[in-house]
Amino acid sequence: MADNTKKSFSIGYALLPKKQKSFIQSSLIESTKSRSIDLIKIDTDRPLIDQGPFDCVLHKLYGDDWKRQLQEFKDRNPNSIVLDSPKAIQRLHNRISMLQVVSMLRIHSETETFGIPKQIVIYDKETLFDRQSWEFLNFPVIAKPLVADGSAKSHKMALVFNHEGLNKLKPPIVLQEFVNHGGVIFKVYVVGNYVKCVKRKSLPDVSEEKLKCLEGSLSFSQVSNLNSQERNGDNDNDEDEEKNTINKFMDDTELPPQSFITDIAIGLGKALKLNLFNFDVIRDTERGNRYLVIDINYFPGYAKMPAYESVLTDFFCDIMNDKITLNIEVGSDDDDDDEDDVRKEC
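Predicted model only: the values in this text are computed from it and were never measured. (Residues numbered from 1 in each chain as written. Predicted model: local features only at pLDDT ≥ 70, side-chain atom pairs only at ≥ 80, totals over all residues. Heavy atoms only, no water.)

Engineer: Could you give an account of unusual backbone geometry, naming the residues involved and the relevant values?
Structural biologist: A cis amide bond, omega 10 degrees, links Gly-52 with the succeeding residue Pro-53. As for its position among the elements, Pro-53 is in the loop between strand E2 (37-41) and strand E3 (56-59). With omega at -10 degrees, the peptide bond leading from Leu-83 into Asp-84 counts as cis. You can see Asp-84 is positioned in the loop between strand E4 (81-83) and helix H4 (86-90). A positive phi angle, close to 65 degrees, is found at Ser-36, a residue other than glycine. Mapped onto the fold, Ser-36 is located in the loop between helix H2 (26-33) and E2. Positive phi values are uncommon outside glycine, yet Asp-322 reaches one of about 55 degrees. Position of Asp-322 among the secondary structure elements: in the loop between helix H11 (308-320) and helix H12 (337-345). On the basis of relative accessibility, which here comes to 68%, the residue Asp-322 falls in the exposed class. (Helix = DSSP H or I, 4+ residues; strand = E, 2+ residues; numbered from the N terminus. Buried < 20%, exposed > 50% of the residue type's maximum accessible area, 1.4 Å probe, protein only.)

Engineer: Any chance you could break down the sheet that holds E3 for me, citing the residues and the numbers?
Structural biologist: In space, the 4 strands of this open sheet follow the order E2-E1-E3-E4, with parallel pairing throughout. Looking at which strands have only one partner, the edges of the open sheet turn out to be E2 and E4. Sheet twist, expressed as the average angle between the axes of neighbouring strands with direction ignored, equals 20 degrees. Summarising the sheet, E3 and E4 pair through 3 bridges and their orientation is parallel. Residue pairing across strands places Cys-56 opposite Ile-81, the latter belonging to E4. (Pairing = 2+ DSSP bridges. Axes fitted to C-alpha atoms, helices over the stretch in contact; angles between N-to-C directions.)

Engineer: Please set out the sheet that holds strand E14 (residues 290-298) residue by residue, giving values where relevant.
Structural biologist: Two orientations exist for strands paired in a sheet by backbone hydrogen bonds: parallel and antiparallel. Taken in spatial order, the 5 strands make up an open sheet running E5-E14-E13-E10-E11, and their pairing is mixed. Of all strands in the sheet, those with a lone pairing partner are strand E5 (113-115) and strand E11 (194-201), marking the two edges. The mean angle between the axes of side-by-side strands here comes to 30 degrees, regardless of whether they run parallel or antiparallel. Sheet topology note: the strand E10 (residues 184-191)/E11 ladder contains 8 bridges and is antiparallel. Bridge pairing links Val-190 to Val-195 in E11. Docked against the sheet, helix H5 (residues 95-104) engages E5 and E14, running at close to 135 degrees with respect to E14. (Contact = heavy atoms within 4.5 Å.)

Engineer: Lay out a negative patch on the surface with the relevant residues and their values.
Structural biologist: A contiguous patch of negative charge, built from Asp-124, Glu-126, Asp-130 and Glu-135, is present on the exposed surface. In this structure, Glu-126 sits in helix H6 (residues 125-128). (Patch = residues over 30% accessible without salt bridge, like charges linked within 9 Å, V, L, I, M, F, W, Y side chains within 5 Å. Areas by Shrake-Rupley, 256 points an atom, 1.4 Å probe, with all protein chains shown as cover. Salt bridge = Lys/Arg side-chain N within 4 Å of Asp/Glu carboxyl O. Lys, Arg positive; Asp, Glu negative; His and termini not counted. Charge placed at Lys NZ, Arg CZ, Asp CG, Glu CD.)

Engineer: Give me the lowdown on the confidence of the model for the protein, citing residues and values where you can.
Structural biologist: Looking at the protein, pLDDT values average 87 and 85% of them are 70 or higher. Predicted confidence is poor over residues 336-346, with pLDDT under 50, and the contacts of this stretch with residues over four places away or in other chains come to 12 contacts. (pLDDT = per-residue confidence, 0-100.)

Engineer: Explain the nonpolar core to me, using residue names and the numbers behind them.
Structural biologist: Nonpolar side chains tend to gather and get buried jointly when the protein is soluble and globular. Counting 60 residues, the largest nonpolar core has Phe-23, Leu-268, Phe-279, Ile-296, Tyr-302 and Leu-312 as the members making the most contacts within it. At 7 residues, H11 tops the list of elements feeding residues into this core. Beyond its immediate stretch of four places on either side in the chain, Leu-312 contacts Phe-23, Leu-28, Val-191, Leu-276, Tyr-302 and Met-305. Ile-122, Leu-128, Leu-166 and Ile-173 belong to the second largest nonpolar core, which has 13 residues in total. (Core = buried A, V, L, I, M, F, W, Y, C linked by side-chain atoms within 4.5 Å.)

Shown next, in the form of structure tokens:
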């Protein structure tokens, strides 16, 4: 007698507790289970190779030991899928190699252009205070840690208004020229071939007149979530007025053309060999059709994306039914030649 039981597609997930709590919600579990997809927690206290079998491994863990475990698992289970390759993810841990790929994209648009802000890596204090080393940058600048590994330290950034503000900075850092963008940032979520762009509040514009009155630097944890108190000082009336202005601008701000953003997203996925990521885009207020990619993150907070459960479930189903061509890193994850090349270029 034939067995008509439909085989489920097993996805083992290895996530840090905070990530697991935000991503593996009951709504996602129900959505995937209804499509014969089982989400199974990987026990990180046991060797990965002793667990499963898994049709797919979904992860956001780092370190040489985990990297080795993934490689052993892949060697023993060549038909299993790992999302995503540690080698591909590693490129996003350096804020220079992260954005280099943007400059290599070739996307045609009759009206819009894109790129990245002017930036430079500063490795030591001597270079930091040598004005000629980065005279092509204009204040204000955003100072970001060179390493972008998702840690609290990697999110410690500062908006620097003049040379006095450089005193508190600790290299190695990236200095990125601040571009006025109307206080709105576009977050683009990518799941395979699915692309969703949403609006978020960001830093307010800094006029030349206002820049003359600002001194030093302003620290903040995340560019898109800067506290309004830090932005506007302690004057409640000014704060309320500024907040209302930004909210109105947010409502009135149009999203970038979907086809344009999709082309960039698909191009980045192929170039980076990643399937799960998001990137931040701003629109230059002086050149309304000019867009700048300022950050790229692996496996972002998808729960903040509208209908994330159905989007991820559809993606998993496409993998299960071979309906999608994944962006896969070719070669062993033990091969770090590309990473070494990036460090040399930086």
